[in-house]
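Summary of structural features
Spelled out, the chains give:
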Amino acid sequence: MPVLAGGWHVILDATFLRRAQRDGARELAAALGLRFVILDFDADVATLRERIVRRAARGGDASEADPAVLEAQLRTAEPLDADEQPLVVRCVASTQGDDGSPQMEGSALLATLASR
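Summarised in this report is the structure supplied together with it. (Residues numbered from 1 in each chain as written. Predicted model: local features only at pLDDT ≥ 70, side-chain atom pairs only at ≥ 80, totals over all residues. Heavy atoms only, no water.)

This brings us to the overall build of the protein. A count of helical and extended segments in the protein gives 5 helices and 4 strands. Mapped in sequence order, the helices and strands of the protein form the string α-α-β-α-α-β-β-β-α. Within the protein, the fraction of its 116 residues that count as buried is 16%. When contacts within the protein are restricted to residue pairs at least 6 apart in sequence, long-range pairs at least 24 apart make up 61% of them. When the accessible surface of the protein is summed, it comes to about 8300 Å², and 57% of that surface belongs to carbon and sulfur atoms. (Helix = DSSP H or I, 4+ residues; strand = E, 2+ residues; numbered from the N terminus. Buried < 20%, exposed > 50% of the residue type's maximum accessible area, 1.4 Å probe, protein only. Contact = heavy atoms within 4.5 Å. Areas by Shrake-Rupley, 256 points an atom, 1.4 Å probe, with all protein chains shown as cover.)

What follows concerns the pattern of salt bridges. Using the criterion set out here, one finds 9 salt bridges in the structure. Here Arg-22 ties to Glu-84 by a salt bridge, and the two come within 2.7 Å at their closest N and O atoms. Taken as a pair, Arg-22 in helix H2 (residues 19–31) and Glu-84 in the loop between helix H4 (67–76) and strand S2 (88–92) lie far apart in primary sequence, 62 residues in all. For Arg-22, a relative accessible area of 5% corresponds to the buried category. By relative accessible area, Glu-84 is classed as buried at 1%. By sharing partners, the salt bridges in this structure join Arg-19, Arg-22, Asp-23, Arg-26, Asp-81, Asp-83 and Glu-84 into a single network. (Salt bridge = Lys/Arg side-chain N within 4 Å of Asp/Glu carboxyl O.)

Turning to a nonpolar patch on the surface, a few remarks are in order. A cluster of nonpolar side chains, Val-3, Trp-8, Val-10 and Leu-12, forms an exposed patch at the surface whose accessible area comes to about 430 Å². Its location among the elements puts Val-10 in the loop between helix H1 (2–5) and H2. The partly exposed category is assigned to Val-10, whose relative accessible area is 38%. (Patch = residues over 30% accessible without salt bridge, like charges linked within 9 Å, V, L, I, M, F, W, Y side chains within 5 Å.)

This paragraph deals with H2. Here H2 is 13 residues long and its end C-alpha atoms lie 18 Å apart, about the 18 Å a rise of 1.5 Å per residue gives. Those residues of H2 lying buried are Arg-19, Arg-22, Ala-25 and Ala-29. For H2, the angular spread of the buried residues around the axis is 135°, confining them to a single face. Away from its buried face, by an angle of more than 90 degrees, H2 presents the exposed residues Ala-20, Glu-27 and Ala-31. Along its buried surface, H2 packs onto strand S1 (38–42). Where H2 ends, the next residue or the one after it, Gly-33, has phi of about 70°, a positive value. (Expected span 1.5 Å × (residues − 1). Arc of directions from axis to C-beta.)

Along the chain, the position of Glu-50 falls in helix H3 (residues 45–58). Considering only alpha carbons, one finds Glu-50 and Pro-67, 17 residues apart in sequence, at a separation of 9.7 Å.

So, on to the packing of H3 against H4. Between H3 and H4, whose axes approach to 10 Å, the crossing angle comes to 155°. One finds that H3 runs roughly antiparallel with respect to H4. Judged by the sense of rotation from one axis to the other, the crossing of H3 with H4 is right-handed. Contacts from Val-45, Leu-48, Arg-49 and Ile-52 of H3 reach H4 at Pro-67, Leu-70, Glu-71 and Leu-74. Here the contact of H3 with H4 is built from residues that sort into 6 nonpolar, no polar and 2 charged. (Axes fitted to C-alpha atoms, helices over the stretch in contact; angles between N-to-C directions. Parallel < 35°, antiparallel > 145°, perpendicular 65-115°, else oblique. Left-handed = near helix turned anticlockwise from the far one by under 90°. Nonpolar A, V, L, I, M, F, W, Y, C, P; charged D, E, K, R; others polar.)

Worth remembering: the numbers are spatial, not functional.
The following block contains the structure:
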């Protein structure tokens, strides 16, 4: 909250898979008079599993995600509801890095966020 009170832009770097979690963040933004968007990163399950395996093989990654975490997320995820859709910025990996990792062309995302 001090970051928001200081006037900084904030991206909550977490998986908000449940509606109640997203609503909490949305309500806080509304209470503070701040803009709120949902970044929806789209990837199929096979791709997600592949990324976890690749990240584990490289080692040293800060992510706590492993196959068990992914499976739990897949079981508990609640889809975005109709009233959330106008807040969504869809993010799709468009290229692949030298190490095979997904890369996103960021200019379109930044333009979308700037226009909201």
